[in-house]
Amino acid sequence: MSGPRKKSSATDTEVSLGWIVGIHGTGGELRLHLHNRETGFFDKARDVELVHTDGRRQSVSLTTRPGAKNRVLAKIPGLRDRDEARALMGWEIIVPKSDLPDLEDGEFYHHELLGLPAVDEEGVVVGTISEIQSAGPVDVWVILTDDQELFLPALDEFVVEVDLVEGRVVLESAWKSIS
């Protein structure tokens, strides 16, 4: 994951989509860090909650567009200039989990995986998924063990099963080749 590593203000029924990290131009556009910048979630305007680090919340409608160098730019109706946009820097973008679109079989939202134990095929705990890095075509799961961080590509050759009902991820023995 590129961008800020901050603790989310999302409640158990919400999910963080990212953060406002900068401004763009003079017309009040914002630069965003989205946890999934390839998402189609913002193909249309979306109602979101912006949350300040002090806990203040503001409901807004947000539209996005691609910017240069893989940036994501956003507009909020009524935000007209750089100063108004600058005042929102650092605010988190949150939506109710129920607003997220359904996924195909075998697809999972990051918030569903974070915190899950990763176990080997015998059920022995390897560690806990602490972070998911989306830096290319394959997500990389950061698994915290007792003494290190493992960086595991989320590929079939390493992942046997994601079991959300049991609350665990089962790893193929091949994961040991990357530790």
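See the structure above.
Conventions and cut-offs
- Residues numbered from 1 in each chain as written.
- Predicted model: local features only at pLDDT ≥ 70, side-chain atom pairs only at ≥ 80, totals over all residues.
- Heavy atoms only, no water.
- Pairing = 2+ DSSP bridges.
- Helix = DSSP H or I, 4+ residues; strand = E, 2+ residues; numbered from the N terminus.
- Axes fitted to C-alpha atoms, helices over the stretch in contact; angles between N-to-C directions.
- Buried < 20%, exposed > 50% of the residue type's maximum accessible area, 1.4 Å probe, protein only.
- Salt bridge = Lys/Arg side-chain N within 4 Å of Asp/Glu carboxyl O.
- Core = buried A, V, L, I, M, F, W, Y, C linked by side-chain atoms within 4.5 Å.
- Contact = heavy atoms within 4.5 Å.

Colleague: When you look at the sheet that holds strand β7 (residues 117-119) in this model, what are you seeing that I'm missing?
Modeller: Note on sheets: strands pair through backbone hydrogen bonds, and any given pair is parallel or antiparallel. As summarised here, the arrangement of the six strands in space is β10-β9-β8-β7-β12-β11, forming an open sheet in which the pairing is mixed. The strands lining the two open edges of the sheet, one partner per strand, are β10 (149-153) and β11 (159-163). Direction aside, neighbouring strands of the sheet carry axes that sit 35° apart on average. By the bridge criterion, three bridges tie β7 to strand β8 (residues 125-133) in an arrangement that is antiparallel. Considered in β8, the bridge of V119 is made with V125.

Colleague: Mind showing me how you'd approach the pairing of strand β2 (residues 29-34) here?
Modeller: Note on strand geometry: in a regular strand, side chains alternate between the two faces of the sheet. The element β2 is largely enclosed, with a buried count of five among its six residues. Sheet topology note: the strand β1 (residues 14-24)/β2 ladder contains six bridges and is antiparallel. Bridging from a neighbouring strand, W19 pairs with H33 of β2. Counting the residues between successive antiparallel strands, the hairpin from β1 to β2 contains four residues, one of them, G25, with a positive phi of roughly 70°. With three bridges connecting them, β2 and strand β5 (residues 72-75) associate as antiparallel partners. Looking across to β5, one finds that L30 is bridged to A74.

Colleague: I keep staring at the pattern of salt bridges and nothing clicks. Help me out?
Modeller: Between side chains of opposite charge, a pair can form when the charged atoms approach closely. Taken as a whole and assessed by the stated rule, the structure comprises six salt bridges. One salt bridge in this structure joins E49 and R57, with 4.0 Å as the shortest N-O distance. Across the salt bridge formed by R56 and D54, the nearest N and O atoms sit 2.9 Å from each other. Each of E14, E49 and R57 takes part in one network of salt bridges that share partners.

Colleague: Hey, could you run me through the sheet that holds strand β6 (residues 92-96) in this one?
Modeller: Strand order in the closed barrel formed by six strands is β1-β2-β5-β4-β3-β6, and the pairing between neighbours is antiparallel. Within this sheet the neighbouring strands show an average axis-to-axis angle of 50°, counted without direction.

Colleague: What am I meant to see in the nonpolar core here?
Modeller: Counting residues in hydrophobic clusters, the biggest one holds 23 residues, and the most contacted among them are L30, L32, L50 and I93. Among the elements that make up this core, the one with the highest residue count is β1 (four residues). Dropping the residues within four chain positions of it, L50 is found in contact with I20, R56, R57, Q58, V60, I76, L88, W91, E92 and I93. Core analysis: the next-biggest nonpolar cluster, separate from the first, contains 16 residues, L113, I143, F158 and V162 among them.

On their own, these measurements won't tell you what the molecule is for.
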